[in-house]
Amino acid sequence: MSEMTFTGKLCAWGRLLRLPNLFTAPWDPVCGFLIAGGASDPEKIGYLAVAALCAYAFGLVTNDIADLKTDTAERPARPLPSGEISMKEASIAAVVLCIVALELTSFAGHGACFGMMLLLVVILLYNYCGRKSALLSSALMGLCRVFSFGIGVAAVYPEIPSLNMTLCALYAAGMFLFMFLREITHTINALNSRRSCP
């Protein structure tokens, strides 16, 4: 494969990171932070938002690394199977994104940093183990959203009024249930589509 231009490389990274979806990531921790009553400490919002972007990008990169064999057979035009981005480059990017996500959340407090550790672990479990079971993958996807929301809550803890804590718990439970049911429905529909194909 001939050497790629700088623009071509940027486009490949843009496709790997699915840029249109990337900027939806900050809303979960920011929402958690605000519902928990953190509006009086707005400087943490920036740390949480950028850390969430890094965590989401980490998930996307490790997802493509984990799916390399499948993508090579079914989606050879993806950046990794096509060779536009090497496994080494993707692996380095994943490590850097992980470190930056943890470093940024540490500025929002130890609780937020611990929440980010849990989120990154769940992301890896989803990418490398979750797809083996529809129930497990749906539960892990729900946990990803809950932990992302929880990072914002943890940045305020323990100074959270009881009403705000109740709202956070209800929001997290509702989010988990919504994501779980959405993923289950998506998986069932995908299986039915495959069975209907000749």
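Residues numbered from 1 in each chain as written. Predicted model: local features only at pLDDT ≥ 70, side-chain atom pairs only at ≥ 80, totals over all residues. Heavy atoms only, no water.

Student: Explain the overall build of the protein here, please?
Tutor: When helices and strands are counted, the protein shows nine helices and zero strands. Along the protein, from the amino end to the carboxyl end, the secondary structure elements read α-α-α-α-α-α-α-α-α. At 18 Å, the protein has a C-alpha radius of gyration in line with the 16 Å of a compact globule built from 198 residues. Considering only intrachain contacts with a sequence separation of at least 6, the fraction spanning at least 24 residues in the protein is 72%. (Helix = DSSP H or I, 4+ residues; strand = E, 2+ residues; numbered from the N terminus. Rg over C-alpha atoms; globule rule 2.2 N^0.38 Å. Contact = heavy atoms within 4.5 Å.)

Student: When you look at the side chain of arginine 78 in this model, what are you seeing that I'm missing?
Tutor: Looking at the element boundaries, arginine 78 is found in the loop between α5 (68-74) and α6 (87-106). Of note is the side chain of arginine 78, whose polar atom sits 3.2 Å from the backbone oxygen of arginine 15. The contact partners of arginine 78, leaving out residues within four places of it in the chain, are Arg15, Leu16, Arg18, Asp64, Asp71 and Glu84. (Polar contact = N/O pair within 3.5 Å; in protein donor to acceptor, adjacent residues only side chain to side chain.)

Student: Is there a simple way to explain the side chain of aspartate 64 in this structure?
Tutor: Position of aspartate 64 among the secondary structure elements: in helix α4 (residues 43-66). Classification of aspartate 64 by relative accessible area gives buried; the value is 2%. A polar contact of 3.2 Å, which involves the side chain of aspartate 64, links it to the side chain of arginine 18. In this view, aspartate 64 contacts Leu16, Arg18, Asp71, Arg78 and Leu80; residues no more than four positions away in its chain are not counted. (Buried < 20%, exposed > 50% of the residue type's maximum accessible area, 1.4 Å probe, protein only.)

Student: Quick question: what am I supposed to make of the environment of glutamate 89 here?
Tutor: Mapped onto the elements of the fold, glutamate 89 is located in helix α6. Those residues within four positions of glutamate 89 in sequence are excluded, and the remaining contacts are Lys9, Trp13 and Glu84. Here the side chain of glutamate 89 touches serine 86 through a polar contact of 2.9 Å, landing on its backbone nitrogen.

Student: Help me understand the confidence of the model for the protein, please; the structure alone is not making it clear to me.
Tutor: Predicted coordinates in areas of low pLDDT are best not read in detail. Looking at the protein, the pLDDT average stands at 91 and 95% of residues meet or exceed 70. Across the protein, the element-wise mean pLDDT spans from 86 in helix α2 (residues 19-22) up to 97 in α6. (pLDDT = per-residue confidence, 0-100.)

Student: Teacher, can you tell me more about the pattern of salt bridges here?
Tutor: Opposite charge on two side chains makes pairing possible when the charged atoms of those side chains draw close. The final tally for this structure, using the stated rule, is nine salt bridges. We note a salt bridge from aspartate 64 to arginine 78, for which the minimum N-O separation is 2.7 Å. Within this pair, whereas aspartate 64 is found in helix α4, its partner arginine 78 is found in the loop between α5 and α6, the two being separated by 14 residues in sequence. Accessibility assignment for this pair places aspartate 64 and arginine 78 in one class, buried. Linking glutamate 74 and arginine 75 is a salt bridge whose minimum nitrogen-to-oxygen distance equals 3.6 Å. Connected through salt bridges with shared partners, the residues Arg18, Asp64 and Arg78 form a single ionic network. (Salt bridge = Lys/Arg side-chain N within 4 Å of Asp/Glu carboxyl O.)

Student: What am I meant to see in the state of the cysteines here?
Tutor: By definition, a disulfide links the sulfur atoms of two cysteines through a covalent bond. Counted according to the given criterion, the structure contains zero disulfides. Not part of a disulfide, cysteine 31 finds its nearest cysteine sulfur in cysteine 168, a span of 8.4 Å. On the basis of relative accessible area, cysteine 31 is assigned to the partly exposed category, the value being 22%. As a non-bridged cysteine, cysteine 54 has cysteine 98 as the owner of its nearest cysteine sulfur, 10 Å distant. (Disulfide = S-S within 2.5 Å.)

Student: Help me understand the layout of surface pockets in this model?
Tutor: Regions of empty space are outlined by a rolling probe, equal in size to a water molecule, passed over the atoms. Computed from the structure, the largest pocket encloses a volume of approximately 1,400 Å³. Lining the largest pocket are 39 residues, with Asn63, Tyr126, Arg131, Met141 and Glu183 sitting closest to its centre. Listing elements by their share of the lining of the largest pocket, those giving two or more residues are α3 (27-35), α4, α5, α7 (110-128), α8 (134-154) and α9 (162-196). Ranked by residue count, the leading element in the lining of the largest pocket is α9, at eight residues. Classifying every residue of the lining of the largest pocket by side-chain character gives 15 nonpolar, twelve polar and twelve charged. (1 Å grid on protein atoms, 1.4 Å probe; cavity = no way out; pocket = protein on both sides within 12 Å on 5 of 7 lines; lining within 4 Å. Points joined across faces, edges and corners; volume = space filled by probe spheres on them. Nonpolar A, V, L, I, M, F, W, Y, C, P; charged D, E, K, R; others polar.)

Student: What is the right way to look at the packing of aromatic side chains in this model?
Tutor: What characterises a pair of aromatic rings is the spacing of the ring centres plus the angle enclosed by the ring planes. One pass over the full model with this rule turns up three aromatic pairs. Between the aromatic rings of tyrosine 47 and phenylalanine 107, the centroid separation amounts to 5.0 Å while the plane-to-plane angle is 20°, which identifies the pairing as stacked. Note that tyrosine 47 is positioned in helix α4 and phenylalanine 107 in the loop between α6 and α7, a separation of 60 residues in sequence. Measuring from centroid to centroid gives 6.0 Å for phenylalanine 176 and phenylalanine 180, while their planes differ by 20°, and the two rings are stacked. One end of the pair, phenylalanine 176, and the other, phenylalanine 180, are both in helix α9, four residues apart, so they sit about a helical turn from each other. A residue is classified by how much of its surface remains accessible, and phenylalanine 176, at 28% relative accessible area, is partly exposed. (Phe/Tyr/Trp six-rings, centres within 6.5 Å; stacked < 30°, edge-to-face > 60°.)

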